[in-house]
There are 2 protein chains.
Amino acid sequence: MDLFDAIRGRRSCRSFLPDPVKEADLEKILEAGTWAPSPLNAQSWEFIVITNQGLREKIFSEADRCRQWAIEKSGWKWLSRYQVDFLKAVPVLIAVIGDPTKSGVDTFQEEGGVAYQHACAAAVQNMQLAAYALGYSTLWFTLFDKNAMRTVLGVPQNKVPLVLLCLGKPSGEIPQTARKDFKEKTTFLR
Amino acid sequence: MDLFDAIRGRRSCRSFLPDPVKEADLEKILEAGTWAPSPLNAQSWEFIVITNQGLREKIFSEADRCRQWAIEKSGWKWLSRYQVDFLKAVPVLIAVIGDPTKSGVDTFQEEGGVAYQHACAAAVQNMQLAAYALGYSTLWFTLFDKNAMRTVLGVPQNKVPLVLLCLGKPSGEIPQTARKDFKEKTTFLR
C-alpha cells in the first residue's frame, strides 16, 4: 500500500470481528514496530502479544475499572456511554512496554526521561500503519492502570506498560474523524 | 512509495545538503503529521516551520549549550565528538509543540498526562515517513532546553516544545542502524 494512503486511511477501530490475525501478518506488524527510531537506537520497546481469552477478560475488567475511575475523576458524562467490551472481542492485543533506562540523553533531564516513551509511540504508529496496509484495524488503547497491567501481564516494576494496541479485522466501515487543516496548526518563521 | 519500504528505509540523517525543501512537499509532510491519532482526536500538536538562518543559528547555539550540559551531566565521552552543526546547515526545522491540555483521560492520572506527547510522537513518525517517501531525510532532534526553546521560538509557557525535526536532502548514503529481531523483543501469551 502507498504510504500516504496508509497515513490517510488508518482509523481507530472499536468494533472487531473474531477472525484471527494471520501469523505472517502479525510478524510483519511487529517487525514494522522495531524499525521505529529510538534514542541512541536503544530500541526502548518490548511487545507482549496476547491472544489468550482469559487474559483478555482480565484486561477488560481492569480497563472497565479504570473507566469507572475516569468517569468519577473527570466528571465527563459521555464516558459512561463509552464501553470497552471490544477488549474481549478483539483477537489480538499487543502490549507495548517501555524501558525507562533506554531514554538516551533525555535520562539526565530534571523531570526524568520520557524519550523512551516517544520511541514506543513511534513504534505503535509504525504498527498501526502496517496493520492497516495488511487489511486490519487497530486501536491505541491507554485506559488502564499501569500497576494493574504489570500484574496481569507479568511486567516488572522497572518497565512501563504504555499502550495496549488492539488488532483485528474491523466489523464494518469506520467513519473518518476530521482533522484541522495543517495550516491552522502551523506557524512559519521564514 | 510502499509503506513497508518507507518504514524499513527511513534513516536518521545528520548531514544535509543546502537544497531547499519544495513548498508542496513541505505541505504534504505537515499534513501527514496531522493524520496521526491523538487522545479524543484533540490533535495535540502545533508545528513551527523554521527556515530563517538567524533563528537556526540561535537554535544551534542553544543545542550546543545543551550538548555541553549533557556531556558534563552524563559523563559520556563520545558526546564530545557528536557535533550539532547540522542544525545550521539543514534547510528546514519543524518544531513540534505539544499542548498538555489535549491529553484526553490521561490528564487525570496522578503523574499528569503524557498522552499528548505520544500523539506528537506519532505525528513526528508520520512526517518522517512522508519526508522519506518524498526523497528527503529527517532527524528527530531533542537535545535542547525546553525553556530556552520557548524563548527562541516564542512558545508560551503552557505549551511544550518536544521535537525539532530536521528536514532536508541527505548529503550522502546513510548507513542503516541494525535492529534486534522482533522475536527478541516479543513475548507471546497464547
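In this convention, every chain numbers its residues from 1, walking through the sequence in written order. The order in which chains are written sets their letters, starting at A; the order in which ligands are written sets their numbers, starting at 1. Selection of residues for local features in this predicted model requires a pLDDT of at least 70, selection of side-chain atom pairs for listing and counting requires 80 or more, and totals for whole chains, interfaces and linings are taken over all residues. As a rule here, side-chain values cover all heavy atoms of the structure and leave hydrogens and water aside.

As for the overall build of chain A
Definition in use: Secondary structure is summarised from DSSP: a helix means a run of H or I of at least four residues, a strand means a run of E of at least two, and numbering begins at the N terminus for each. Atoms considered for the radius of gyration are the C-alpha atoms alone. The globule rule reads 2.2 Å times the number of residues to the power 0.38. Whether a residue is buried, partly exposed or exposed follows from its accessible area with a 1.4 Å probe, protein chains only, as a fraction of its type maximum: under 20%, in between, or over 50%, in that order. Whether two residues touch is decided by their heavy atoms; if any such pair falls within 4.5 Å, the residues are in contact.
When you go through chain A residue by residue, the secondary structure sums to six helices and five strands. Sequence-ordered secondary structure for chain A, helices as α and strands as β, is α-α-β-α-α-β-α-β-α-β-β. Its C-alpha atoms give chain A a radius of gyration of 17 Å, within 12% of the compact-globule value 16 Å for 190 residues. In terms of overall dimensions, chain A has C-alpha extents of about 45 × 40 × 40 Å along its principal axes. Taken across its 190 residues, chain A has 55% of its residues classed as buried. At a minimum sequence separation of 6, the contacts of chain A that also span at least 24 residues come to 79%.

Quick word on the relation of the copies chain B and chain A
Using the following cut-off: For the least-squares superposition of copies, only C-alpha atoms count, and only for residues with pLDDT at least 70 in both.
Between chain B and chain A, which share one sequence, the superposing operator has a rotation angle of 180° and an axial displacement of 0.0 Å; the RMSD is 0.0 Å. Such a combination of rotation and displacement between the chain copies is what one expects of a two-fold axis. Taken as a fraction of all interface residues of chain B, those also at the interface in chain A reach 100%, which identifies the copy contact as same-surface.

Observations concerning empty space enclosed by the protein
Operational definition: Throughout, the protein atoms alone are placed on a 1 Å grid, and a set of points is a cavity if a 1.4 Å probe fits but cannot get out or a pocket if it is open with protein on both sides within 12 Å along at least five of seven lines; lining residues have an atom within 4 Å of a point. Grid points are joined across faces, edges and corners, and a volume is the space filled by probe spheres set on the points. Here the nonpolar group is Ala, Val, Leu, Ile, Met, Phe, Trp, Tyr, Cys and Pro; Asp, Glu, Lys and Arg are the charged ones; every other residue, Gly included, is treated as polar.
For the structure shown, the criterion picks out one cavity of 30 Å³ or more. Looking at the largest cavity, its volume works out to about 100 Å³. Along the walls of the largest cavity sit A:Q117, A:T142, A:F144, A:K146, A:P161, A:L162, B:D106, B:Q109, B:V114, B:A115 and B:H118, which together make up its complete lining. Residue composition of the lining of the largest cavity, grouped by class: five nonpolar, four polar and two charged.

What about the packing of aromatic side chains?
Residue and element names in this part refer to chain A. Defined as follows: Note on aromatic contacts: the rings of Phe and Tyr and the six-membered ring of Trp form a pair at centre separations within 6.5 Å, being stacked when their planes are under 30 degrees apart, edge-to-face when over 60 apart, and tilted otherwise. Think of it as a cone above the ring: NZ of Lys or CZ of Arg counts as a charge over the ring if it is within 6 Å of the ring centre and within 35 degrees of the ring normal.
Under the definition given, this model contains 10 aromatic pairs over all chains. Judged by centre distance (6.4 Å) and plane angle (65°), the rings of Y82 and F86 are edge-to-face. Comparing Y82 with F86, the two get one shared label, buried. Lying across the ring of Y136, K169 places its NZ or CZ 4.6 Å from the centre.

Points about the confidence of the model for chain A
The predicted coordinates of low-pLDDT regions are not to be read in fine detail. Put simply, the test is: The predictor attaches a confidence to each residue, and that confidence, scored 0 to 100, is pLDDT.
Across chain A, the average pLDDT comes to 96, with 100% of residues at or above 70. Here the predicted complex scores 0.98 on pTM and 0.98 on ipTM.

Topic: the nonpolar core
Across soluble globular proteins, you tend to see nonpolar side chains buried next to one another. Under the convention used in this document: What makes a nonpolar core is a set of buried Ala, Val, Leu, Ile, Met, Phe, Trp, Tyr and Cys residues whose side-chain atoms join them at distances within 4.5 Å.
Ranked by size, the top nonpolar core spans 70 residues in total, and within it A:I94, A:L167, B:I94 and B:L167 carry the most contacts. The contacts of B:L167, once residues within four sequence positions are left out, are B:F16, B:V21, B:L26, B:I29, B:V90, B:P91, B:V92, B:I94, B:A131, B:Y136, B:S137 and B:T138. With 32 residues, the next largest nonpolar core counts A:A63, A:Y82, A:V84 and A:I174 among its residues.

What to know about the packing of helix α2 (residues 23–34) of chain B against helix α5 (residues 115–133) of chain B
Residue and element names in this part refer to chain B. The following threshold applies: Fitted lines through C-alpha atoms serve as axes, helices being fitted only where they are in contact, and the angles separating the N-to-C directions of these axes extend from 0 to 180 degrees. Note: crossing handedness is left-handed where the near helix turns anticlockwise from the far helix by less than a right angle, and right-handed where it turns clockwise.
Between α2 and α5, the shortest axis-to-axis distance is 7 Å and the interhelical angle comes to 145°. Regarding α2 and α5, the two cross each other, and that crossing is right-handed. Taken together, the residues of α5 that come into contact with α2 (itself represented by I29, L30, A32 and G33) are A123, N126, M127, A130 and A131. Considering only residue class, the contact of α2 with α5 consists of seven nonpolar, two polar and no charged.

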